[in-house]
Amino acid sequence: MQKLQNHGGSGVVTIPRDDLEKDGVLEDGDLPDEQHLDVERMGRRTYVVRIPEGGDLPELAQSELVERLAAKRALDLGAGRSVPQAD
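Residues numbered from 1 in each chain as written. Predicted model: local features only at pLDDT ≥ 70, side-chain atom pairs only at ≥ 80, totals over all residues. Heavy atoms only, no water.

**Observations concerning the pairing of strand β3 (residues 38–43)**
- Pairing geometry for β3 and strand β4 (residues 46–50), over five bridges, is antiparallel. Residue V39 lies in a different strand from β4, and its bridge partner there is V49.
- In textbook terms, the turn of a hairpin is the stretch between consecutive antiparallel strands, and for β3 and β4 this stretch comprises two residues, one of which, R45, has a positive phi near 60°. (Pairing = 2+ DSSP bridges. Helix = DSSP H or I, 4+ residues; strand = E, 2+ residues; numbered from the N terminus.)

**Details of a nonpolar patch on the surface**
- There is a patch of nonpolar side chains on the surface, built from I15, L37, V39, Y47 and V49 and spanning about 470 Å² of accessible area.
- Structurally, the position occupied by V39 is in strand β3.
- According to the relative accessible area criterion, V39 is exposed, its value standing at 54%. (Patch = residues over 30% accessible without salt bridge, like charges linked within 9 Å, V, L, I, M, F, W, Y side chains within 5 Å. Areas by Shrake-Rupley, 256 points an atom, 1.4 Å probe, with all protein chains shown as cover. Salt bridge = Lys/Arg side-chain N within 4 Å of Asp/Glu carboxyl O. Buried < 20%, exposed > 50% of the residue type's maximum accessible area, 1.4 Å probe, protein only.)

**Quick look at the pattern of salt bridges**
- Under the counting rule described, the total for this entry stands at five salt bridges.
- Residue D19 pairs with K22 through a salt bridge whose shortest N-O separation is 3.9 Å. Taken as a pair, D19 and K22 lie in helix α1 (residues 17–22) at a separation of three residues, close to a single helical turn.
- You can call D19 partly exposed: its relative accessible area is 32%.

**Remarks on the layout of surface pockets**
- The computed volume of the largest pocket comes to approximately 910 Å³.
- Considering the residues around the largest pocket, the lining is formed by 24 residues, among which I15, L37, V49, R50 and I51 are closest to the centre.
- Contributing elements (two or more residues each) for the lining of the largest pocket: β2 (10–12), α1 and β4.
- Partitioning the lining of the largest pocket into residue classes produces 14 nonpolar, five polar and five charged. (1 Å grid on protein atoms, 1.4 Å probe; cavity = no way out; pocket = protein on both sides within 12 Å on 5 of 7 lines; lining within 4 Å. Points joined across faces, edges and corners; volume = space filled by probe spheres on them. Nonpolar A, V, L, I, M, F, W, Y, C, P; charged D, E, K, R; others polar.)

So, in structure tokens, the structure goes:
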């Protein structure tokens, strides 16, 4: 688990270097000078951080992760399972 750090009044958290390397974010082992990230607040204490690859990001609702979670929820509901609601 990461620790939230104070940076001029804003919260800062780091992304482990190994994860950045796995995702091909690093250039020659270093962070690119102009790497932009998208941070979107999803709900209480829930945030999504995305790194664009070669251009714009799709709407979060159309991202692979959200579509996969929505499909799982639909299957769970279809099977009569109780699924807790997000905040």
